[in-house]
Amino acid sequence: MINITVSVMPVSRESSIATNLQNNKYETVHAIHSLIFQLVIIGMRNHPLDLAVQLTASACCLNLTRQGLATGMPVRLLSDVIHLLLKAVENFPEQQQLQKNCLLLLSSVRILQDVPFNRFEAAKLVMQWLCNHENQNMQRMAVNISSILALKLSSEQTAQLSAELYIVVGELLEIVEQKTNLNEVDTTFMFTLSALWNLTDESPTTCRHFIDNQGLELFMRVLEFFPSDSSIQHKVLGLLNNVAEVRELHSKLMWKDFIDTIGELLCSTEIEVSYFSAGIIAHLISRGEQAWTLSPAQRKSLMEQLHSAILKWPTPRCKMVALVAYRSFSPFYPLLDCFTIPGVQLWAVWAIQHVCCKTRMYWTSAAQLCRVAGQMLVTWLHCEPPAPSSRGRGQGEREVAASVECRGKEFTSGCGRDQQCGAGQVRGCTRPICLLLFPHAASQIQSFQEPDPASGP
């Protein structure tokens, strides 16, 4: 026993010393890199109009952040260098190598996700590159960066990029068409679908660009070419869901073959595919018979299918492959007002809770959305079914502000029609929304608990 202890102790000490030396080595390397980075930044800042300095500096910055080195670099330094690089690209718009170095630097996941910089200017640069260059490797990288930056832009910023987006949407759709014709499913194809999906999120202008560029017809072909690939289907349907949120474009979606396809996908066993199909149908049938230009019998059938499909889904806390995220809950307002079609309301409630339970990437905004969602649902449950024109957005917001705050473990208000109609059960109330919410959905939303970022969903 003693011998074993004596013989093991030195090994343990040597291992500890080796570990410390290794850690010290990494710390020393990071310290040296940070020092070099600071010197490069000083040079870029002092010589903004010297092309040779800017080109050399951009190459140095690129080498200092490759192979995961950006992980150990201070955020402040990374932010400064991105700012200076974007300025250099603005000063030398014809210098492709400078643009390429900037694009390569932006492709770092750490920089895209964690480092503060002007994402609007970066998005404009990437879109211009995408429109003006055909190098496949750079094209793939530009598409990937666009996909991520699109999530970081506000709706107002996206609207400011309308001219660029018209060209970009056309370019992205061209990539989709090429890959579809070649039956080639690669990272560029998947990133392109994601980029289009993100760029159309709560952006009516981009959705119209998509329609004007024959995007609907192309995406129908994509669904036809890849009938069993759910990873492609949910991206396609996610974008079409964004288009369906734009009421001015509903007439463009009144295409029998399209509606038939979405109706078939509603019955998919893949929850992501069924979810997005249901969203498209919910938006299209929510406007009433007068806005439906196809067969009334088909609309009635879709209403029944929608209701039936959602009731077969697992609870909203279920795990989806696709992260369902929304900039706001604005798209759900008109759906919650649709008192004559229970399935439409049920889809909206299911979606709201799923977002509140699962959107962990955007922790702060998710918590805010949860509070808004709870207030919104309590308001709708307390309201009598209104006339279509009697509840404007402003009135709804005032009611939300005056309603019971729903956060943490408090979600105890029912619709007010029956004293026993609460957050856990319905015994006397016959309102469609209550019958749908309880016990199927409302038993799940008794508490919009803010998820623990450490433990995950």
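Residues numbered from 1 in each chain as written. Predicted model: local features only at pLDDT ≥ 70, side-chain atom pairs only at ≥ 80, totals over all residues. Heavy atoms only, no water.

Undergrad: I would appreciate a short explanation of the overall build of the chain in the present structure.
TA: Tallying secondary structure elements over the chain gives 22 helices and 0 strands in all. Relative to its full complement of 457 residues, the chain shows a buried share of 49%. The contacts of the chain with a sequence gap of at least 6 include a subset with a gap of at least 24, amounting to 74%. Summing over all exposed atoms, the chain offers an accessible surface of approximately 21,900 Å²; the carbon and sulfur share of this is 52%. (Helix = DSSP H or I, 4+ residues; strand = E, 2+ residues; numbered from the N terminus. Buried < 20%, exposed > 50% of the residue type's maximum accessible area, 1.4 Å probe, protein only. Contact = heavy atoms within 4.5 Å. Areas by Shrake-Rupley, 256 points an atom, 1.4 Å probe, with all protein chains shown as cover.)

Undergrad: I'm lost on helix H17 (residues 296-312) in this one. Help?
TA: Two residues of an α-helix separated by three or four positions point the same way, owing to the 3.6 residues in each turn. Along its 17 residues, H17 runs 25 Å from first to last C-alpha, staying within 8% of the 24 Å computed at 1.5 Å per residue. All of the buried residues along H17 are Gln298, Arg299, Leu302, Leu306, Ala309 and Ile310. The arc that holds every buried residue of H17, seen down its axis, measures 95°, which confines them to one face. Summarising the geometry of H17, the exposed residues directed more than 90 degrees from the buried face are Pro296, Ala297, Lys300, Glu304 and Lys312. Near the N-terminus of H17, the side chain that reaches the backbone nitrogen of alanine 297, with its oxygen 3.2 Å away, is that of serine 295. (Expected span 1.5 Å × (residues − 1). Arc of directions from axis to C-beta. Polar contact = N/O pair within 3.5 Å; in protein donor to acceptor, adjacent residues only side chain to side chain.)

Undergrad: Where do I start with the pattern of salt bridges in this structure?
TA: According to the stated counting rule, one finds 7 salt bridges in the structure shown. Notably, a salt bridge pairs aspartate 114 with arginine 110, separated by 3.9 Å at the nearest N-O pair. On the criterion of helical spacing, the pair formed by aspartate 114 and arginine 110 is a turn pair, its members being 4 residues apart in helix H5 (residues 109-114). Residue class for aspartate 114 comes out partly exposed when judged on its relative accessible area of 49%. Among the residues examined, arginine 110 registers a relative accessible area of 19% and is labelled buried. Among the charged side chains, a network of salt bridges with common partners joins Lys179, Glu184 and Asp186. (Salt bridge = Lys/Arg side-chain N within 4 Å of Asp/Glu carboxyl O.)

Undergrad: Could you clarify how one ought to interpret empty space enclosed by the protein in this entry?
TA: Sizing a probe to match a water molecule and rolling it over the atoms shows the empty space that remains. Tallying each qualifying case throughout the model produces 2 cavities of 30 Å³ or more. Here the largest cavity is characterised by a volume of approximately 40 Å³. Surrounding the largest cavity, Phe258, Ile259, Ile262, Ile280, Ile281, Leu284, Ile285, Trp292 and Leu302 form its lining. For the lining of the largest cavity, the elements supplying multiple residues, two or more each, are helix H15 (256-266) and helix H16 (271-285). (1 Å grid on protein atoms, 1.4 Å probe; cavity = no way out; pocket = protein on both sides within 12 Å on 5 of 7 lines; lining within 4 Å. Points joined across faces, edges and corners; volume = space filled by probe spheres on them.)

Undergrad: Would you mind showing me how to read the packing of helix H4 (residues 96-106) against helix H6 (residues 119-132) here?
TA: Describing two packed helices takes the angle between their axes plus the distance from one axis to the other. It is the contact of H4 with H6, at a shortest axis distance of 11 Å, that shows an interaxial angle of 120°. Taken as axis vectors, H4 and H6 run oblique relative to one another. Pair H4 / H6 crosses with left-handed handedness. Contacts from Gln96, Gln99, Lys100, Cys102, Leu103 and Leu106 of H4 reach H6 at Ala122, Leu125, Val126 and Trp129. Among the residues forming the contact of H4 with H6, the class breakdown is 7 nonpolar, 2 polar and 1 charged. (Axes fitted to C-alpha atoms, helices over the stretch in contact; angles between N-to-C directions. Parallel < 35°, antiparallel > 145°, perpendicular 65-115°, else oblique. Left-handed = near helix turned anticlockwise from the far one by under 90°. Nonpolar A, V, L, I, M, F, W, Y, C, P; charged D, E, K, R; others polar.)

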